[in-house]
Amino acid sequence: MNGVAQQLRLVPFLDLAPTTSEVRERVISMWQEVLDRTAYVGGPYVQDFEQRFAAYCGTSEAIGVGNGTDAIQLGLRALGIGAGDEVIVPANTFVATVEAIVLAGARPRFVDVDPDTLLITADAVRAAVTPATRAVIVVHLYGQLPDMDSLTETASALGLVLIEDAAQAHGASWRGRRAGSFGAVGCFSFYPGKNLGAFGDAGAVTTSHPEVAAKLRAMRDHGRAAGSHHSHEELGTNSRLDTMQAIVLDAKLDRLEAWNRSRRRLANAYRNLLTDSRAVPVAELPRSRGAHHLAVVQVDRRDEVRQRLASQGVVTGIHYPTPCHLMRPYRQYADRDFPVAERAAGRVLSLPLHPHLSMEDVAYVADRLREVTGSWG
Ligand SMILES: *Cc1c(COP(=O)(O)O)cnc(C)c1O
């Protein structure tokens, strides 16, 4: 800096206003139409969105549900996974993945992750499998699919059902094939901050198995048999996608590719600007095209770095500070340590990233990060 005062910028971690503006008028006019028609749950707008989202993901069906946690829980239940079954899950994930397994009545079986990508590996799955293991949940954490060739091969060789937690990976792909199309089911969240976000809670399950889809359609609606109001043939719940949210999602789906392209450009800029710095971006696999939900670096003295960035106007996040196997409700399922996930929990830092972030902001964040970490001996 040579003593020249750097002008302070304020860089928020996330800004939902610009993506909201892009769909605002269309959403408001369609919402008004719904208010006139008074059909608030189900109906053609939900079906249209489900069909378009399935086509986007490359599956034959998508079933809208209330949120991403329900998508995983109902996905497991629709596949017949529950009491007495073990489900392999990476220790480094958002709590909801593990929560959903327990809510479905099954037992999480934790595995450690790769130190560079922080994603699940086929080797870890092979080492963890027991006679009680029925399924593996592959989490596309931060928006990146892990090596799906080895994971699908390993799951099928071991007789495990593969389920995708694609809550951070709308539009991401592995060798050109989109997230949500690899597993028996793909589970999505449309929480407002996700790459495809509603104006409230929402989620979806993708599948190309018609019988699983039919079961999910019944389960999300009190177990109702198709076309019936009073015949309840499954143990279900209430986890429907409402019309208002389907309208938002349908409008935003048109923009998702452009938004993901912008995220990729910004994430690549971070990567270039941080080359040879002490903040190391999470590794990208050459065959994986990420949705860049989060721009995560690994850095020593993370909490101090985070605080010093905050004092320079840069707001960051941590995904996640505590690995799931160390959380109170889930400790009972861990029979060993998971050193990679544990170390990463103290070193991961998520930099500001959203489709309308400016390149100037990215440069400012990278400069401050280099400054803060470069000042150490
Ligand atoms: C957001 C998220 C979920 C849960 O989604 P909700 O809609 O909040 O229930 C599950 N898994 C991962 C990896 C997530 O990021």
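Up top is the structure.
All values derive from a computational prediction rather than experimental measurement. (Residues numbered from 1 in each chain as written. Predicted model: local features only at pLDDT ≥ 70, side-chain atom pairs only at ≥ 80, totals over all residues. Heavy atoms only, no water.)

Participant: Go over a nonpolar patch on the surface with me, naming the residues and quoting the values.
Facilitator: Nonpolar side chains collect at one region of the surface, where Leu35, Tyr40 and Val41 lie side by side and expose about 280 Å² of accessible area between them. Looking at the secondary structure, you find valine 41 in the loop between α1 (17-37) and α2 (44-57). (Patch = residues over 30% accessible without salt bridge, like charges linked within 9 Å, V, L, I, M, F, W, Y side chains within 5 Å. Areas by Shrake-Rupley, 256 points an atom, 1.4 Å probe, with all protein chains shown as cover. Salt bridge = Lys/Arg side-chain N within 4 Å of Asp/Glu carboxyl O. Helix = DSSP H or I, 4+ residues; strand = E, 2+ residues; numbered from the N terminus.)

Participant: I'd like a description of the site of the ligand, backed by residues and values.
Facilitator: Close to the ligand lie Asn67, Gly68, Thr69, Phe94, Ala96, Thr97, Val139, Asp165, Ala167, Gln168, Ser189 and Lys194. The contact in question runs from an oxygen atom of the ligand to an N or O atom on the backbone of glycine 68, over 2.8 Å. One nitrogen or oxygen atom from the side chain of lysine 194 is found 2.6 Å from an oxygen atom belonging to the ligand. For the ligand, whose accessible area on its own is 380 Å², the fraction buried by protein is 92%. Here the ligand occupies the largest pocket. Residue assignment for the shell around the ligand shows that the elements contributing at least two residues are α3 (68-78) and α4 (95-103). (Near = heavy atom within 4 Å. Polar contact = N/O pair within 3.5 Å; in protein donor to acceptor, adjacent residues only side chain to side chain. 1 Å grid on protein atoms, 1.4 Å probe; cavity = no way out; pocket = protein on both sides within 12 Å on 5 of 7 lines; lining within 4 Å. Sits in = over half its atoms within 2 Å of the grid points.)

Participant: Let's hear about the pattern of salt bridges: which residues, and what values?
Facilitator: Following the criterion strictly, the structure yields 24 salt bridges and no others. Of the charged contacts, one joins aspartate 250 and arginine 52 as a salt bridge, the two residues approaching to 2.9 Å between their closest N and O atoms. Taken together, the residues aspartate 250 in helix α8 (residues 243-273) and arginine 52 in helix α2 connect sequence positions 198 residues apart. Taking relative accessible area as the criterion, arginine 52 reaches 32% and is therefore assigned partly exposed. Linking arginine 287 and aspartate 149 is a salt bridge whose minimum nitrogen-to-oxygen distance equals 3.1 Å. (Buried < 20%, exposed > 50% of the residue type's maximum accessible area, 1.4 Å probe, protein only.)

Participant: Describe the environment of threonine 237, listing the residues and the values that go with them.
Facilitator: As for its placement among the helices and strands, threonine 237 is situated in the loop between α7 (210-219) and α8. Sequence-wise, threonine 237 and glycine 223 are 14 residues apart; in three dimensions their C-alpha atoms are separated by 6.8 Å.

Participant: Explain the sheet that holds strand β1 (residues 61-65) to me, and be specific about the residues and the numbers.
Facilitator: The strand order β1-β9-β8-β5-β4-β2-β3 describes an open sheet built from seven strands, whose pairing is mixed. With partners counted over all chains shown, the strands left at the sheet margins are β1 and β3 (107-111), one partner each. Ignoring strand direction, the axes of neighbouring strands in this sheet form an average angle of 25 degrees. Sheet topology note: the strand β5 (residues 161-165)/strand β8 (residues 185-189) ladder contains three bridges and is parallel. In the sheet register, glutamate 164 faces β8, and the bridge partner there is glycine 186. (Pairing = 2+ DSSP bridges. Axes fitted to C-alpha atoms, helices over the stretch in contact; angles between N-to-C directions.)

Participant: Outline the pairing of β5, supporting the account with residue identities and numerical values.
Facilitator: In regular strands, side chains alternate between the two faces of the sheet. The buried count for β5 comes to four of five residues, which makes it a mostly enclosed element. Note: strand β4 (residues 133-139) against β5, five bridges, orientation parallel. Following the sheet pairing, valine 139 is matched in β5 by aspartate 165. Crossover handedness for the path β4 to helix α6 (residues 148-158) to β5: right-handed. (Right-handed = clockwise from strand over helix to strand, strands pointing away.)

Participant: How would you summarise the side chain of histidine 140 if you had to cite specific residues and measurements?
Facilitator: Relative to the elements of secondary structure, histidine 140 occurs in the loop between β4 and α6. Only 2.7 Å separates the side chain of histidine 140 from the side chain of glutamate 164, close enough to count as a polar contact. If we ignore the near neighbours within four places in the chain, the residues touching histidine 140 are Leu145, Pro146, Met148, Glu164, Asp165, Ala166, Gln168, Ala169 and Ala179. (Contact = heavy atoms within 4.5 Å.)

Participant: Pulling in residues and values, what's your account of helix α9 (residues 302-311)?
Facilitator: Of the residues making up α9, those classed as buried are Arg302, Val305 and Leu309. Buried residues along α9 cover an arc of 60 degrees about the axis, so they all sit on one side. Along α9, the residues that are exposed and aim more than 90 degrees away from the buried face are Asp303, Gln307 and Ser311. Glycine 313 sits one or two residues past α9 and shows a positive phi near 90 degrees. (Arc of directions from axis to C-beta.)

Participant: An account of the packing of aromatic side chains is needed here, citing residue identities and associated values.
Facilitator: Per the stated rule, a full pass over the model turns up eight aromatic pairs. When the ring of phenylalanine 53 is compared with that of tyrosine 56, the centres are 6.4 Å apart and the planes differ by 20 degrees; the resulting orientation is stacked. Linking phenylalanine 53 with tyrosine 56, this pair stays in helix α2, spanning three residues, or about one helical turn. Of the residues examined, phenylalanine 53 reaches a relative accessible area of 0% and is grouped as buried. (Phe/Tyr/Trp six-rings, centres within 6.5 Å; stacked < 30°, edge-to-face > 60°.)

Participant: Mind laying out the nonpolar core, listing which residues take part and the relevant values?
Facilitator: Judged by nonpolar contacts, the single largest core of 48 residues is most densely connected at Leu76, Phe110 and Ile163. Counting only elements with at least two residues in this core, the list comes to β1, α3, β2 (86-90), α4, β4, β8, α7 and α10 (339-345). For this core, the leading source of residues is α3, giving five residues. Composition of this core by domain shows at least three residues from each of domain 1 (4-15 + 255-374) and domain 2 (20-253). Once residues lying within four places of it in the same chain are set aside, the contact partners of leucine 76 are Ile81, Val87, Ala100, Ile101, Ala104, Ile137 and Ile163. (Core = buried A, V, L, I, M, F, W, Y, C linked by side-chain atoms within 4.5 Å. Domains from an automatic or database assignment.)

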